[in-house]
Amino acid sequence: MHEKEIQYFTEAFQLAHDKFYLDAINQFNALIDEFPDSDLADDAFLNTGLCYYAMNQFDKSIEILNYLIQHYPEATISALNDGNEFGKTAAKAYYLIVQCYIGLDDIEKAKTYIPIIDTYTKTYVETKDGKISFSELAEQAIQTYIRFKEESL
């Protein structure tokens, strides 16, 4: 991995963390354009999808995430930032797609992704209480949304 790839990624990640989403997207795209075969390219696409999600541009986020899943099906989640997520990037992308459909108030469509995420058996988030799969997180998000919506009626 080139030092410049890591620099692009860490700068973009910091911009996203600081909520400069458009700048972060531009920086992630610079990494993708210059290093399309990088181990960080899939993570750059995922984080671009996260930026669009954070800006409530759910359809654009879904578009980016579907591209990621199609073009990087075997990619793994980067450990560059000493994260607590492990496994395939596609599972995390599907989880974010579920979140997007929740944002679009399309719970039935969100639910259709649970069986797909379930196929990624070795992809999870490490918590203080142990491992939790992205499919479990997706199910929890859907149930939380349903409860919230029922309570607000």
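Residues numbered from 1 in each chain as written. Predicted model: local features only at pLDDT ≥ 70, side-chain atom pairs only at ≥ 80, totals over all residues. Heavy atoms only, no water.

Digging into the environment of F58
Part 1 of the argument: The topology assignment puts F58 in helix α4 (residues 58–71).
Part 2 of the argument: Each C-alpha atom, one on F58 and one on Y101, is 7.5 Å from the other, the two residues being 43 residues apart in sequence.
Part 3 of the argument: Contact partners of F58, with chain neighbours within four places excluded, come to Y53, C100, G103 and L104. (Helix = DSSP H or I, 4+ residues; strand = E, 2+ residues; numbered from the N terminus. Contact = heavy atoms within 4.5 Å.)

So, the packing of aromatic side chains
Part 1 of the argument: Scanning the entire structure with this criterion turns up 11 aromatic pairs.
Part 2 of the argument: With a centroid separation of 5.5 Å and an interplanar angle of 55°, the aromatic rings of Y53 and F58 are classed as tilted.
Part 3 of the argument: The partly exposed category is assigned to Y53, whose relative accessible area is 26%.
Part 4 of the argument: Note on Y95 and F134: the rings are 5.7 Å apart at their centroids and 50° apart in plane angle, and the pair reads as tilted. Within this pair, whereas Y95 is found in helix α5 (residues 89–103), its partner F134 is found in helix α8 (residues 134–151), the two being separated by 39 residues in sequence.
Part 5 of the argument: A network of ring pairs unites the aromatic residues Y94, Y101, Y113 and Y120 as a single cluster.
Part 6 of the argument: Above the face of the Y124 ring, K131 is positioned so that its terminal group lies 4.6 Å from the ring centre. (Phe/Tyr/Trp six-rings, centres within 6.5 Å; stacked < 30°, edge-to-face > 60°. Buried < 20%, exposed > 50% of the residue type's maximum accessible area, 1.4 Å probe, protein only. Lys NZ or Arg CZ within 6 Å of the ring centre and 35° of its normal.)

Concerning unusual backbone geometry
Phi is mostly negative for residues that are not glycine, and the peptide bonds are mostly trans.
Part 1 of the argument: Of note, K19 is a non-glycine position whose phi angle comes to about 70°, a positive value.
Part 2 of the argument: Within the secondary structure, K19 sits in the loop between α1 (3–17) and α2 (21–34).
Part 3 of the argument: With a phi close to 60°, D105 is a non-glycine residue in the positive phi region.
Part 4 of the argument: Turning to its location among the elements, D105 is positioned in the loop between α5 and α6 (107–111).
Part 5 of the argument: A relative accessible area of 40% means that D105 is categorised as partly exposed.

Quick notes on the side chain of S38
Part 1 of the argument: Here S38 lies in the loop between α2 and α3 (41–54).
Part 2 of the argument: A residue is classified by how much of its surface remains accessible, and S38, at 10% relative accessible area, is buried.
Part 3 of the argument: Of note is the side chain of S38, whose polar atom sits 2.2 Å from the side chain of E5.
Part 4 of the argument: Apart from the residues lying within four places of it in its own chain, the contact partners of S38 are E5 and L31. (Polar contact = N/O pair within 3.5 Å; in protein donor to acceptor, adjacent residues only side chain to side chain.)

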